[in-house]
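Chains, contacts and geometry: an overview
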Amino acid sequence: MRFGVIGTNWITEEFIQAGQEVEGFSLQAVYSRTIERAKEIADKYHAPFAYSSLEEMVTSKNLDAVYIASPNSCHAEQAIQCMEAGLHVLCEKPLASNAIEVEEMIQAAKRNDVLLMEAVKSTLLPNFFAIQDNLHKLGKVRRFIASNCQYSSRYDAYREGKVLRAFDPAFSNGALMDIGIYCLYPLLILFGRPDVIKAEGIVLDSGVDGEGSMLLKYREMDAIISFSKITTSYQPAEIQGEDATMVIDRINHLKEVDIRYRDGRIEQVARPQTPKTMHYEIREFLHLAKIGARQSATNSHEVSKMAMQVMDEARRQMGIVFPADRKNQ
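Not measured: the values here are computed from a predicted model. (Residues numbered from 1 in each chain as written. Predicted model: local features only at pLDDT ≥ 70, side-chain atom pairs only at ≥ 80, totals over all residues. Heavy atoms only, no water.)

1. Quick word on empty space enclosed by the protein
The line we're drawing: Residues are called lining when one of their atoms sits within 4 Å of a cavity or pocket point, these points coming from a 1 Å grid over the protein atoms alone, where a cavity is a set in which a 1.4 Å probe fits but cannot get out and a pocket is an open set with protein on both sides within 12 Å along at least five of seven lines. Grid points are joined across faces, edges and corners, and a volume is the space filled by probe spheres set on the points. For the purposes of this entry, the term helix denotes a DSSP run of H or I that reaches at least four residues, the term strand denotes a run of E that reaches at least two, and both are numbered from the N terminus. Residues are sorted three ways: Asp, Glu, Lys and Arg are charged, Ala, Val, Leu, Ile, Met, Phe, Trp, Tyr, Cys and Pro are nonpolar, and all the rest, Gly among them, are polar.
Going through the model one piece at a time under the given rule, you end up with one cavity of 30 Å³ or more. Within this model, the largest cavity holds a volume of roughly 30 Å³. In this structure, the largest cavity is lined by Phe128, Ile131, Phe144, Pro186, Leu190, Ile239, Ile248, Ile251 and Leu254. Looking at the lining of the largest cavity, the elements with two or more residues in it are α6 (126-134) and α8 (175-191). Taken together, the residues of the lining of the largest cavity sort by class into nine nonpolar, no polar and no charged.

In structure tokens, the structure reads:
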């Protein structure tokens, strides 16, 4: 599959490096706002084409698919433009700025009969499937707890008075959108839509959340998730059942997964997986395209919609409004 990439940040390079290890992946083009930056990345990874015009790239006939790693606020418009040109789209999380944009993207995928998948890598790792396959051993699940708190190096600049993209609402950023989604996504895949959502957070002067917490209530269980870009946490995640508790080292990487039974036994259920974890989302995407599927069974359109609807409600409760929200009103 001939890929173009949109965006030239570190995550794009990580994607390219992982893709080079996946059979069937071919990097053909790089898009950036400046042709100099596009050529720099294209030359580094031996891509034959570089563009500073997105229209020129998506209509070039040189591509089958596009990976989008631009700012969150750009995802919907760029993805729709690609899909209208008949290209499959693998789009970084969060898929868009809000649920309205997600729905527009899904409709564009259906209208043009192309594959659209949100690139949440953690839920396509072998260890996420280990969690799914062993969940029944816990008995009736009563609680899900996950934390993803990583102090951002860009917060140093913020504290000195410089607002970079990571803390700028114009780019639909903030702790929930950027890293809280890693707590939310597996919860929704495993247990579905919550009945009640309660959210609190620390909203910075720039207008985005620096950190926050959510309590999500289901009929017979609850979930507690926390996220931060201004502090760091080292807490593992837990899925607590009546018979046993599953302990996961990091909810966004899933390297270690243990089941701890009430009688003191500990069962290790982790599976081998490559350190280049984007490998698995690329492999999933290529497989789906090969068999003619238009969405992933795991990172499905429905899960993308649910995740954004929950985040929209959490932002509403925290008082966070993006420019993209006003545009879609």
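So much for the structure itself; the text now carries on.
2. Topic: the sheet that holds strand β2 (residues 26-31)
Quick note on the threshold: Pairs of strands are assigned from DSSP output, requiring at least two bridges between the strands. Note on geometry: axes are C-alpha line fits, over the in-contact stretch for helices, and angles between N-to-C directions span 0 to 180 degrees. Here, two residues are considered to be in contact whenever any of their heavy atoms come within 4.5 Å of each other.
The six strands lie next to each other as β3-β2-β1-β4-β5-β6, forming an open sheet whose pairing is parallel. In this open sheet, the two edge strands, each paired with only one partner strand, are β3 (49-51) and β6 (116-119). Between one strand axis and the next, the sheet turns by 20° as a mean value, whatever way the strands run. Where strand β5 (residues 88-92) meets β6, four bridges bridge the pair, whose relative direction is parallel. Directly across from glutamate 92, in β6, lies its bridge partner alanine 119. Lying over the sheet, helix α1 (residues 10-19) contacts β1 (2-6), β2, β4 (65-68) and β5, oriented at roughly 165° with respect to β1.

3. Observations concerning the domain arrangement of the chain
How we decide: Just so you know, the domain bounds were taken from an automatic or database domain assignment. As used here, buried area is the combined drop in accessible area, with a 1.4 Å probe, of two parts when they are placed together. Here a salt bridge means any side-chain nitrogen of Lys or Arg lying within 4 Å of a carboxyl oxygen belonging to Asp or Glu. Identification of polar contacts relies on pairs of N or O atoms within 3.5 Å, with a donor-acceptor requirement for protein atoms, meaning one able to donate a hydrogen and the other able to accept it, and with residues adjacent in sequence counted only if both atoms are side-chain atoms.
According to the domain assignment, the chain contains domain 1 (2-119) and domain 2 (126-272). The centre of domain 1, based on its C-alpha atoms, is set 27 Å off from the matching centre of domain 2. Of the residues lining the interface, nine residues belong to domain 1; the matching set on domain 2 comes to ten residues. Overall, the association of domain 1 and domain 2 removes approximately 860 Å² of surface from exposure, summing both partners, and the carbon and sulfur fraction of that is 48%. For the pair domain 1 and domain 2, the interface holds zero salt bridges. Linking domain 1 with domain 2 are eight residue pairs in polar contact (both at pLDDT 80 or more), by the criterion used here. For the side of domain 1 that touches domain 2, the class distribution of residues is three nonpolar, three polar and three charged.

4. Some points on the pattern of salt bridges
Enumeration according to the criterion identifies 22 salt bridges in this entry. For glutamate 21, the salt bridge is made with lysine 276, and the minimal N-O distance between the two is 3.2 Å. Here lysine 276 lies in the loop between β14 (266-268) and α9 (278-291) and glutamate 21 lies in the loop between α1 and β2, a separation of 255 residues in the sequence. Across the salt bridge formed by arginine 219 and glutamate 220, the nearest N and O atoms sit 3.9 Å from each other.

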